[in-house]
Amino acid sequence: GAGVSQSPSNKVTEKGKDVELRCDPISGHTALYWYRQSLGQGLEFLIYFQGNSAPDKSGLPSDRFSAERTGGSVSTLTIQRTQQEDSAVYLCASSLGPRNEQFFGPGTRLTVL
Amino acid sequence: GDSVTQMEGPVTLSEEAFLTINCTYTATGYPSLFWYVQYPGEGLQLLLKATKADDKGSNKGFEATYRKETTSFHLEKGSVQVSDSAVYFCALSEDQAGTALIFGKGTTLSVSS
């Protein structure tokens with residue numbers, strides 16, 4: 001079956017602009033995660049959605065970052081007023097449940113000029 | 001907070017050499033431990049895992065044993081192949097409420113023929 005998909009695969013934006021990154025999880029997976037992979041920081045957790053529960057936002061680095069998950073499926077990560085330090089690969093993962101294997105998407109490479 | 005430390009690379013080996021990538025962790029509870037692999041141009045994939053002390057995870061000739069006494073989860077392979085060239089990430093997840101993965105910084109392995 002189809003894996004986790006993310007779009008766009010690459011995004012180049014100017015400092016100060018807002019960006020939206022999309023994640024389509026595997027069908028039927030109730031848990032969805034966003035991570036960020038950058039040269040300086042490695043792989044960092046950003047936010048976690050489980051079913052209809054309130055998301056765990058403990059990894060979001062600032063209030064410029066937000067995410068939503070509509071209808072328990074597709075998720076959008078929004079970064080407002082982008083900064084150069086936001087440049088990274090943003091990875092989405094989904095799992096059948098909270099303690100199941102996480103399957104990762106190919107990522108969105110964000111470059112902020 | 002919880003953390004994962006793994007040896008920095010790059011690690012450069014000849015085909016059929018023995019591989020060890022060290023990984024140690026700090027955790028307050030009883031985490032599950034993972035090794036993920038990222039092949040060139042591909043997304044993160046789960047390589048192996050162990051969920052309790054003394055468990056051994058294995059896959060594709062790779063092994064790692066969960067050592068609680070030394071808080072370690074070293075990755076080993078007896079005979080590496082060129083196709084094993086990739087970036088390897090050690091990770092943990094808390095076994096309780098939090099299920100987000102905490103990753104090490106990754107180790108790049110390059111195998112030459």
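Structure's up top.
Quick notes on the rules
- Throughout this description, residue numbers start from 1 for each chain and increase along the sequence as written.
- As a convention, the first chain written is A and the first ligand written is 1, with the rest following in written order.
- Thresholds applied to this predicted model are a pLDDT of at least 70 for local features of residues and 80 or more for the giving and counting of side-chain atom pairs; totals over whole chains, interfaces and linings are not thresholded and use all residues.
- Values shown for side chains rest on all heavy atoms present in the structure; no hydrogens or waters enter the calculation.
- When DSSP finds at least two bridges between two strands, those strands are taken to pair.
- Helix numbering and strand numbering both begin at the N terminus, where a helix is a DSSP run of H or I of at least 4 residues and a strand a DSSP run of E of at least 2.
- Lines fitted to C-alpha atoms define the axes, with helix axes restricted to the stretch in contact, and inter-axis angles between N-to-C directions lie between 0 and 180 degrees.
- Between rings of Phe, Tyr and Trp, where Trp is taken as its six-membered ring, a pair exists when centres lie within 6.5 Å; planes separated by under 30 degrees are stacked, by over 60 edge-to-face, and by other angles tilted.
- Any residue under 20% of the maximum accessible area for its type is buried, any over 50% is exposed, and the rest in between are partly exposed; the area is computed with a 1.4 Å probe on protein chains only.
- Cysteine sulfur atoms are paired as a disulfide whenever they come within 2.5 Å of each other.
- The contact definition used throughout considers only heavy atoms, calling two residues in contact when any of these lie within 4.5 Å.
- Accessible area that two parts lose when put together, evaluated with a 1.4 Å probe and summed over both, is termed the buried area.
- Should a side-chain nitrogen of Lys or Arg be within 4 Å of a carboxyl oxygen of Asp or Glu, the pair is scored as a salt bridge.
- In the analysis that follows, any N or O atom pair within 3.5 Å is treated as a polar contact, provided that within protein one partner can donate a hydrogen and the other can accept it, and provided that, for residues neighboring in sequence, both atoms belong to side chains.
- All residues other than Ala, Val, Leu, Ile, Met, Phe, Trp, Tyr, Cys, Pro, Asp, Glu, Lys and Arg, Gly among them, are scored as polar; the first ten of these are nonpolar and the last four charged.

## Description of the sheet that holds strand β7 (residues 75–79) of chain A
All names here are of chain A.
Right, on to step 1. Strand order in the open sheet made by the four strands is β1-β3-β7-β6, with antiparallel pairing throughout. The two strands at the open ends of the sheet, each matched to only one other strand, are β1 (5–7) and β6 (65–69). Sheet twist, expressed as the average angle between the axes of neighbouring strands with direction ignored, equals 15°.
Right, on to step 2. Relative to strand β3 (residues 19–24), β1 runs antiparallel, the two sharing three bridges. Considered in β3, the bridge of S5 is made with D24.

## Focus: the sheet that holds strand β9 (residues 75–77) of chain B
Residue and element names in this part refer to chain B.
Right, on to step 1. Within the open sheet, the four strands sit side by side as β3-β9-β8-β7. Their pairing is antiparallel. Each of the sheet's edge strands pairs with one partner strand only, and the pair in question is β3 (19–21) and β7 (56–59). Pairwise comparison of adjacent strand axes, ignoring direction, gives a mean angle of 15° for this sheet.
Right, on to step 2. Examined bridge by bridge, β3 and β9 share three bridges and lie antiparallel to one another. Within β9, the position partnered with T20 by the bridge is E76.

## Here we look at the packing of aromatic side chains
Right, on to step 1. One pass over the full model with this rule turns up twelve aromatic pairs over all chains.
Right, on to step 2. The interplanar angle of 40° and the centroid separation of 5.5 Å between the aromatic rings of Y35 of chain A and F104 of chain A together place this pair among those described as tilted. With Y35 of chain A in strand β4 (residues 31–38) and F104 of chain A in strand β9 (residues 103–104), this pair connects stretches of sequence that are 69 residues apart. By the burial criterion, Y35 of chain A is buried, and F104 of chain A matches it.
Right, on to step 3. Taken together, the aromatic side chains of Y33, Y35, F45, Y48 and F104 of chain A together with F34, Y36, F89 and F103 of chain B make up a single cluster linked through ring pairs.

## Overview of the state of the cysteines
Residues and elements named next belong to chain A.
Right, on to step 1. A complete count under the given rule lists two disulfides over all chains for this structure.
Right, on to step 2. Between the sulfur of C23 and that of C92 lies a disulfide, 1.9 Å long from S to S. Between C23 and C92 the disulfide shows an S-S torsion of about -65°. By sign, it is left-handed. Remark: C92 occurs in strand β8 (residues 88–95) and C23 occurs in strand β3; sequence separation between them is 69 residues. One exposure class covers both C23 and C92, and it is buried.

## Examining the interface of chain B and chain A
The figure often quoted for interface size is the accessible area lost as the parts come together.
Right, on to step 1. Across the boundary between the two partners, chain B contributes 14 residues, which contact 15 residues of chain A.
Right, on to step 2. Summing both partners gives a buried area of about 1300 Å² for chain B against chain A, and 55% of it is carried by carbon and sulfur.
Right, on to step 3. Our enumeration of links across chain B and chain A arrives at zero salt bridges.
Right, on to step 4. For the interface between chain B and chain A, the tally reads two residue pairs in polar contact (both at pLDDT 80 or more).
Right, on to step 5. Listing elements by their share of the side of chain B that touches chain A, those giving two or more residues are β5 (32–38) and β6 (44–50) of chain B.
Right, on to step 6. When its residues are assigned to classes, the side of chain B that touches chain A shows eight nonpolar, four polar and two charged.

## Some remarks on the pattern of salt bridges
Right, on to step 1. Summed over the entire model, instances satisfying the criterion amount to six salt bridges over all chains.
Right, on to step 2. Taking the shortest distance from any N to any O, the salt bridge between E44 of chain A and R36 of chain A comes out at 3.2 Å.
Right, on to step 3. Residue E44 of chain A is classed as partly exposed on the basis of its relative accessible area of 23%.
Right, on to step 4. The shortest N-O distance in the salt bridge between D84 of chain B and K77 of chain B comes to 2.8 Å.
Right, on to step 5. With relative accessibility at 5%, the residue D84 of chain B sits in the buried group.
Right, on to step 6. Of the residues examined, K77 of chain B reaches a relative accessible area of 9% and is grouped as buried.

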